[in-house]
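Structural features, examined
As a plain string of letters, each chain reads:
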Amino acid sequence: MKEKPTIVAKRMKELREGIKLSQAKLAACLDNIEQTAIFRYESGQSFPPYGVLMQYADYFDVSLDYIFGRTDNPQGKLYNFQPKVWKNQTQMQELIEMCFDPNSPANAQLKETLLRIMREQNK
């Protein structure tokens, strides 16, 4: 019985075919990846190791979340990560309070700078 390719296999193939690149040419552009391995990954016969996935993400400028099917937006290196804690001022302030030694002369200034940056980030 032939297995159905996973979302990872499908995305890898779509990325390559999207720029009309053969498996052999892609293998030549990536480090230590043979054309036969690309065929196995894209057909779902084997799952690519972490290093291969990272090379794909870098080469095609997409996020690993896109390759894994967690999002349909490729986003690439310009992905705007917004941790949920940034949306909760109280939690972030408590974290910053814990990070600084109250006896340090730079404590107040560093703490205020971080809080200001956090406020600006939330605008």
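Computed from a prediction, not measured in an experiment: that's the story for all the values here.

Re the packing of aromatic side chains
All told, the structure shown has three aromatic pairs when counted by the stated rule. Summarising the aromatic geometry, the rings of Y56 and F60 are spaced 5.5 Å apart at their centres and angled 40 degrees between planes, so their arrangement reads as tilted. Of the two residues, Y56 and F60 are both situated in helix α4 (residues 50–60); the distance of four residues between them amounts to about one turn of the helix. Relative to F60, the ring of Y59 has its centre 5.0 Å away and its plane inclined at 80 degrees; by these criteria the two rings are edge-to-face. For Y59, a relative accessible area of 35% gives the class partly exposed. Looking at F60, the relative accessible area reads 13%, which means it is buried. Aromatic rings pair up to connect Y56, Y59 and F60 into one cluster. The positively charged end of R11 is found above the aromatic ring belonging to Y66, 4.2 Å away from the centroid.

With respect to the nonpolar core
Counting residues in hydrophobic clusters, the biggest one holds 19 residues, and the most contacted among them are M12, L15, L26, Y56 and I67. The set of elements that each furnish at least two residues to this core consists of α1 (7–18), α2 (23–29), α3 (35–43), α4 and α5 (64–67). It is α4 that contributes the most residues to this core, five residues altogether. Residues within four places of Y56 in sequence aside, it is in contact with M12, L15, L26, L30, I38, E42, D61 and I67.

With respect to the pattern of salt bridges
Going through the model one piece at a time under the given rule, you end up with five salt bridges. The partner of K10 in a salt bridge is E14, and the shortest N-O contact between them spans 3.6 Å. With a gap of four residues between them, K10 and E14 both fall in helix α1, about one helical turn apart. For K10, a relative accessible area of 46% puts it in the partly exposed group. Given a relative accessible area of 37%, E14 falls into the partly exposed group. Among the ionic pairs, E42 bridges to R16, the shortest N-O distance being 2.7 Å. With a gap of 26 residues between them, E42 in helix α3 and R16 in helix α1 connect regions that are remote in the sequence. You can call E42 buried: its relative accessible area is 5%.

Cut-off values and rules
Residues numbered from 1 in each chain as written. Predicted model: local features only at pLDDT ≥ 70, side-chain atom pairs only at ≥ 80, totals over all residues. Heavy atoms only, no water. Phe/Tyr/Trp six-rings, centres within 6.5 Å; stacked < 30°, edge-to-face > 60°. Helix = DSSP H or I, 4+ residues; strand = E, 2+ residues; numbered from the N terminus. Buried < 20%, exposed > 50% of the residue type's maximum accessible area, 1.4 Å probe, protein only. Lys NZ or Arg CZ within 6 Å of the ring centre and 35° of its normal. Core = buried A, V, L, I, M, F, W, Y, C linked by side-chain atoms within 4.5 Å. Contact = heavy atoms within 4.5 Å. Salt bridge = Lys/Arg side-chain N within 4 Å of Asp/Glu carboxyl O.

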